[in-house]
Structures are given as C-alpha cells and as structure tokens.
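Fold and geometry: a report
Spelled out, the chains give:
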Amino acid sequence: MLNHDVNFEFIGFDPDHEVRGFLALAADRFHSLAPSDSFMKVAMKKGGNAIEASCRIASKAGVFVADAVCSSPVATIHQIENKIRQQLDEWKRHRFLDSRNKLRPSRPHLEIAI
C-alpha cells in the first residue's frame, strides 16, 4: 500500500507528530498483510473524552472494516489494528480454498481401471 493508497481523516482534533507516526506505522503493517490492490481509509473523531476511529480496507479480494472507541488515539489505533489483523488473518487462511477447488479439474484420463 503506497501513501496515495491511504487516506487519513481527523475530525475535532489535530493529532500530534507521535500519533501521526504511530498511525503511519500501523498503516505500513496493514500493507504487509492486506491484498496488494488495497486502499485504506482511517477516520478518527474526538468526541468528549473519547476518540472514535474507523478503518476500512477495500480491495478486489474483499472489504475489511473495524471500529473502536478509546480514551486515547494510540489505544484506539491498537484496537483497530487488532480487529483488522484478525480479519486479514482469516482472509489469508481461506483465500486459496475456493480457487484450489476450482483449479482441480477432474482428470478421468488419469484414472486407472482395476
């Protein structure tokens, strides 16, 4: 996922350099796990004493979505990352199952009659 494949939106606050860096590192980790054609959008909104966040990764292989609410931006990013990682791990475990079944044509000419 390249920088132009990631969109960050901040509502009600301007995160400091540390939070932006932490979020960029999380986006890099998502890149290493997500389908190669992915586009990611992260929206974070400050409401009262909480930070609400939503992350959406869209690709031809599927859409992965996670939401979280925590008291700090870093904690919110951690929760989002855990939820997205679970979805991506599940996708990786199953992504070739359907294609393997479709790619195995029956081969009656190789069957040996006894």
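Right above here is the structure, for reference.
This write-up is about the structure you can find in this document. Note that this is a predicted model, so its numbers are computed, not measured. (Residues numbered from 1 in each chain as written. Predicted model: local features only at pLDDT ≥ 70, side-chain atom pairs only at ≥ 80, totals over all residues. Heavy atoms only, no water.)

We now examine the pairing of strand S4 (residues 62-70). With nine bridges joining them, strand S3 (residues 50-59) and S4 adopt antiparallel strand pairing. The residue of S4 that forms the bridge with Arg-56 is Val-65. (Pairing = 2+ DSSP bridges. Helix = DSSP H or I, 4+ residues; strand = E, 2+ residues; numbered from the N terminus.)

A separate point is the packing of aromatic side chains. Tallied over the full model, the rule gives three aromatic pairs. An angle of 80° between the planes, with centres 5.9 Å apart, marks the rings of Phe-10 and Phe-13 as edge-to-face. What makes Phe-13 buried here is its relative accessible area of 18%. Taking the centre distance of 6.1 Å and the plane angle of 70° together, the rings of Phe-64 and Trp-91 count as edge-to-face. Of this pair, Phe-64 sits in strand S4 while Trp-91 sits in helix H2 (residues 73-94), placing them 27 residues apart in sequence. With respect to burial, Phe-64 and Trp-91 carry one shared label: buried. Each member of the aromatic cluster is reached from another via a ring pair, and the members are Phe-8, Phe-10 and Phe-13. Sitting over the face of the ring of Phe-22, Arg-29 holds its NZ or CZ atom 6.0 Å from the ring centroid. In this structure, Arg-95 is placed above the aromatic ring of Trp-91, and the distance from its NZ or CZ to the ring centre is 4.8 Å. (Phe/Tyr/Trp six-rings, centres within 6.5 Å; stacked < 30°, edge-to-face > 60°. Buried < 20%, exposed > 50% of the residue type's maximum accessible area, 1.4 Å probe, protein only. Lys NZ or Arg CZ within 6 Å of the ring centre and 35° of its normal.)

Taking 1.5 Å of rise per residue, 17 residues should cover 24 Å, and helix H1 (residues 17-33) covers 25 Å from first to last C-alpha, within 8% of that figure. Listing the buried residues of H1 in full gives Val-19, Phe-22, Leu-23, Ala-26, Ala-27, Phe-30 and Leu-33. Viewed end-on, H1 has its buried residues packed into an arc of 145°, placing them on one side of the element. Among the exposed residues of H1, those pointing more than 90 degrees away from its buried face are His-17, Glu-18 and Ser-32. Each element contacted by the buried residues of H1 is listed here: strand S1 (6-11), strand S2 (39-47), S3 and H2. With a side-chain oxygen positioned 3.2 Å from the backbone nitrogen of Glu-18, the residue opening H1 is Asp-16. (Expected span 1.5 Å × (residues − 1). Arc of directions from axis to C-beta. Contact = heavy atoms within 4.5 Å. Polar contact = N/O pair within 3.5 Å; in protein donor to acceptor, adjacent residues only side chain to side chain.)

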